Amino acid sequence: MLFNSHVFMFLFLPITISIFYLIAKFKSKVMAVSWLASMSLVFYAWWNPKFLILLFASIGFNYTVGYALVYIKKQHYNIIRPIHILVLGIVVNLSTLAYYKYFNFFIANINSLLNLSTPVENIILPIGISFFTFTQIAFLVDVYRGFVKEYKFISYVLFVTFFPHLIAGPILHHKEMMPQFEDEQNLNVDWENIALGTAIFVFGLFKKVIIADNLATFATPVFNAVSQGAIPNLFEAWSGALAYSLQLYFDFSGYSDMAVGLALLFNIRLPVNFFSPYKATSIIEFWRRWHMTLSRYLKDYLYIPLGGNRYGEYKRLRNLMITMLLGGVWHGAGWTFIIWGSLHGLYLVINHSWRKLNFSIPNSVAWGLTFISVVIAWVFFRADTAHSAVLIIKGMFGLNGISLPAKIAYKLPMLENYGVKFSGLMPLTNLSTSKVIISVGISMCIVIFLPNVMEITAKYRPALGIEKKSIETKLVKYIQWKPSYLWSIVLGFMAIISILAMVQASEFLYFQF
Amino acid sequence: MSYKKSFIIMVSIIVFGLLGIATFNYQVDPAGLFRLNKYESGIADILIKKQNVANISNYDERLVQKYLIEKSIEKRDVLVLGSSRVMQIHDYLFPQQTFFNHSVSGASIEDDIAIVAMYKERNWIPQKIIIGLDPWLLNKYHGQNRWQSIQEEYNNGSVYLGLDNNNEKATCFNKSFYRKYIELISLPYLKASYNKWRRPKNNEYYTTMERESTVAIKLADGTISYPDNERNISVEDAKKRAVIYASSDPIYSIGNFDKLDEDNKRKFEIFVKYLQKHKMEVVFFLPPYHPAVYDALVNNPQYSVALETERYFRNFAQQQNILVVGAYNPVECWLSDADFYDGMHAKPQAIDKIFNRSN
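This one's a predicted model, so the numbers in the text were calculated from it and none came from an experiment.

Draft legend 1. Expanded view of the overall build of chain B. Looking only at helices and strands, chain B features 14 helices and nine strands. In terms of overall dimensions, chain B is globule-like: its C-alpha atoms have a radius of gyration of 22 Å, near the 21 Å expected for 359 residues. In chain B, which comprises 359 residues, the share counted as buried stands at 57%. Accessible surface for chain B amounts to roughly 16200 Å². Of this, 52% is attributable to carbon and sulfur atoms. Positive and negative charge centroids in chain B, built from 44 and 42 side chains respectively, lie 6 Å apart.

Given below as structure tokens:
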């Protein structure tokens, strides 16, 4: 089920909330948690009920392994040590993920390398598998490290399946969620959370349906044309790359806002996942603002276990590179994701090395360099092949030529001597140039100059990690959310426009990961 | 203001706003989802009585087909599907057979599938189906979305054809009126309602036995007879129109045609094979363009794929043992400038000539 679907908004959500608070009225925590867990399973099964078995198996296995870890730690066995159980748990989780996500990629590459023709299997990627697998690996590591205090099965099921985060994150820590599920205070109707949650949900819905889906209409034709062998010129390559970079941001951060808002409706605070990443003035800062729970995960469960920065500069840079490479692999089975992860690894290596030099550059230049580097990497993330990505990047650097509007050909005929064509700015896709410029321009202004949703609502601590001091955009004092007629009316209309535009619920981009 | 009050105001705006929009959409009901559209339904009633309808305007051609098939009591032996470019295929070309021309302006493959699905709902299987094949049928960016007013019928057709196996649940929902009610709060339906609400009232149509007039006449066999000034256009004026048409950028529905769309090809092939499997004789008709337009298509590399569609249709016909009538190239059909009303519509005499020569 999609958050931006009618069945979710007009059927699933009202039923889930109403019965939750009805149960909560009787102060039955177990019943309330069981209800939320059951509805979360319905939410998951809506996509494909067959994969409920996989989800159940994964939950059952990890809960048992977690339980065994605690038990073995207490008993101090000599033969079986906790580390053995932990390794077993991680191997089984990663093997399952590898089968569903990487098996065909592996076979295809072996075939190509050894000139074999091993048939690939028809494997359907279960939605959200990367998210629920990683969440549970973190749980096992936390149990091993002694951070886990709560072992109630039904609470664990809810921790893994809680529908606002189940299929596209944020990636949760056991220790930050379980106390909230256990807190009886959270069974009370809290109008502040309900009003705030609804407002954040509407912001997220608007970002997804109105902004991201609109940008997709400019990004997709360019990438499709290139995948069919077309060569994009300077303007078309930039418009496709920029439109996609913005689409991905509004899509995924819109989803994260909706998740935060939905959780608040049940008095649960999820961790913040986005904080204006395109305002970053360095790649290090970008990763502190983009998909923050994945960055945290990679840092805590990969970078630090690899040694982090504890064994000198060379190993630190090596660990960064490995972490980002695997971060790329996590996103999908394909060379384009591996290149994307490696590029970010390289960017981070350069960024850290640059910092050592203590050489500062103006903020605007730093921002520009960071933004362009991120956009270039997104081209690999979106393109269907590395070859297509290279074609677009060459276009962005003007290496595929420049095409200008035919109308100005008579004014600048001399440019033809320098290889400039006059076939229009977007000859491949025939998209309306003015629409592209306006849409991309407005979206850029929003991400650069306006406060993000977390800042607008920071006063009310909408998510874990967000406080009043998190606000950094000055403009926020004029547009801070508060219960008022004006905000209610504005959000009401934003919701109406978004719902009207939900003709066909389009999937969130991160569902594929 | 309290949080509770703020929440209630916000939700009230959403609920009452959507209710208001739904009421407006329901009242205007541009696609006739909730009640018969009297105008289109009235046209269908007259055609069923085998009479001609004159002075029709601003109507939904698809809805006329829908009502006509739903209300008909007579099975038909020969059907014509396609765009306005096949609207001159008349019943007299098929003597001794019951006939109807179901062509609609700007037809896409979805229209063809929807119309066959309507017949299937009635359990009627025609003997012969003539499919008008415009090049834009295989253009992903043809921009034709008028078929959406018979979307429910198209969805049924998709199920019959097994086009969308993965979407069975969604289709069930569509069939169970879910989709229909969602239209009440959809932006495209709101736009359509607004346009219908704003546009001038339809002309009063009337029944006639005439076949030619100063106004357009929808003939009882489903074909169209253009008004006198259109029908009697001079060769020079028709050529002028064709030249303007050929120089339009892009040419009608074949802009951005960079490859034959795989999805549309798949739909088309499954559709044709379905017809053959159910013992319907399929005939492909390639409607010719005006010589000036055809020259433009040949000379402009932008339209090379549009012309490639003809090769694809012919190859597919050969594989499936299907008769092909006509060609995009007017010369191949023995036609000249005098055989056209404009850049893309051939006169009935031209169509007759093509069919007679093919026999």
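Draft legend 2. Region of the structure containing the interface of chain A and chain B. Listed per partner, the contact involves 31 residues of chain A and 30 residues of chain B. Both faces considered, chain A and chain B share a buried interface measuring about 2800 Å² in area, 70% of it formed by carbon and sulfur atoms. Where chain A meets chain B, there are zero salt bridges. Summed over the shared surface of chain A and chain B, the result is three residue pairs in polar contact (both at pLDDT 80 or more). Every element with two or more residues in the side of chain A that touches chain B is listed here: α1 (6-25), α8 (191-227) and α18 (485-501) of chain A. It is α18 of chain A that contributes the most residues to the side of chain A that touches chain B, eleven residues altogether. Its residues placed into classes, the side of chain A that touches chain B shows 21 nonpolar, nine polar and one charged.

Draft legend 3. Region of interest: the pairing of strand β2 (residues 78-81) of chain B. All names here are of chain B. The side-chain alternation of β2 yields two buried faces, one formed by Val-78 and Val-80 and the other by Leu-79 and Leu-81. Of the strand pairs in this sheet, β2 and strand β3 (residues 99-101) are connected by three bridges, and their pairing is parallel. In the strand pairing of β3, Val-80 is matched with Asn-101. As defined by bridge partners, β2 adjoins strand β4 (residues 128-132) across four bridges and the pair is classed as parallel. The partner of Leu-79 across the bridge, within β4, is Ile-129.

Draft legend 4. How the structure looks around the environment of Lys-435 of chain A. With respect to the helices and strands, Lys-435 of chain A occurs in helix α16 (residues 433-449). Sequence spacing of Lys-435 of chain A and Pro-14 of chain A is 421 residues, and the spatial spacing of their C-alpha atoms is 37 Å.

Draft legend 5. Representation of the sheet that holds strand β6 (residues 217-218) of chain B within the structure. All names here are of chain B. Spatial strand order, β5-β1-β6-β7: four strands in an open sheet with antiparallel pairing. Two strands close off the open sheet at either side, each with one partner strand: β5 (206-208) and β7 (224-225). As judged from the two bridges shared by β6 and β7, these two strands associate in the antiparallel manner. Along β7, the bridge assignment pairs Lys-218 with Ile-224. Against the sheet, helix α2 (residues 38-48) engages β1 (52-54), β5 and β6, with an angle of about 140° to β1.

Draft legend 6. Local environment of helix α4 (residues 109-121) of chain B. All names here are of chain B. Between its first and last C-alpha atoms α4 spans 18 Å; for 13 residues at 1.5 Å apiece the expected length is 18 Å, and the two agree. In terms of burial, α4 is a largely internal element, eleven of the 13 residues being buried. Burial in α4 covers these residues: Ile-109, Glu-110, Asp-111, Asp-112, Ile-113, Ala-114, Ile-115, Val-116, Ala-117, Met-118 and Tyr-119. Once α4 finishes, Asn-123 follows within two positions and takes phi at roughly 60°, a positive value.

Draft legend 7. Examining the pairing of strand β8 (residues 281-286) of chain B more closely. All names here are of chain B. In terms of burial, β8 is largely enclosed, as five of its six residues are buried. As judged from the five bridges shared by β4 and β8, these two strands associate in the parallel manner. What sits directly across from Lys-128, in β8, is Glu-281. The pairing of β8 with strand β9 (residues 323-326) spans four bridges and is parallel. For Leu-286, the partnering residue across the bridge sits in β9 and is Gly-326.

Draft legend 8. Structural view of the pattern of salt bridges. Residue and element names in this part refer to chain A. For the structure shown, the criterion picks out 25 salt bridges over all chains. The partner of Lys-208 in a salt bridge is Asp-213, with the nearest N and O atoms 3.0 Å apart. Relative accessible area serves as the criterion here: at 1%, Lys-208 is assigned to the buried category. Of the residues examined, Asp-213 reaches a relative accessible area of 23% and is grouped as partly exposed. For Lys-279, the salt bridge identified is with Glu-455, shortest N-O distance 3.9 Å. You can see Lys-279 sitting in the loop between α9 (234-265) and α10 (283-289) and its partner Glu-455 sitting in helix α17 (residues 453-456), a full 176 residues away along the chain. Judged by relative accessible area, which is 15%, Lys-279 ranks as buried. A residue is classified by how much of its surface remains accessible, and Glu-455, at 0% relative accessible area, is buried. Several salt bridges share partner residues, and in doing so they unite Lys-29, Lys-152 and Glu-182 into one network.

Rules and cut-offs
Residues numbered from 1 in each chain as written. Chains lettered and ligands numbered in written order. Predicted model: local features only at pLDDT ≥ 70, side-chain atom pairs only at ≥ 80, totals over all residues. Heavy atoms only, no water. Helix = DSSP H or I, 4+ residues; strand = E, 2+ residues; numbered from the N terminus. Rg over C-alpha atoms; globule rule 2.2 N^0.38 Å. Buried < 20%, exposed > 50% of the residue type's maximum accessible area, 1.4 Å probe, protein only. Areas by Shrake-Rupley, 256 points an atom, 1.4 Å probe, with all protein chains shown as cover. Lys, Arg positive; Asp, Glu negative; His and termini not counted. Charge placed at Lys NZ, Arg CZ, Asp CG, Glu CD. Contact = heavy atoms within 4.5 Å. Buried area = accessible area lost by both parts, 1.4 Å probe. Salt bridge = Lys/Arg side-chain N within 4 Å of Asp/Glu carboxyl O. Polar contact = N/O pair within 3.5 Å; in protein donor to acceptor, adjacent residues only side chain to side chain. Nonpolar A, V, L, I, M, F, W, Y, C, P; charged D, E, K, R; others polar. Pairing = 2+ DSSP bridges. Axes fitted to C-alpha atoms, helices over the stretch in contact; angles between N-to-C directions. Expected span 1.5 Å × (residues − 1).

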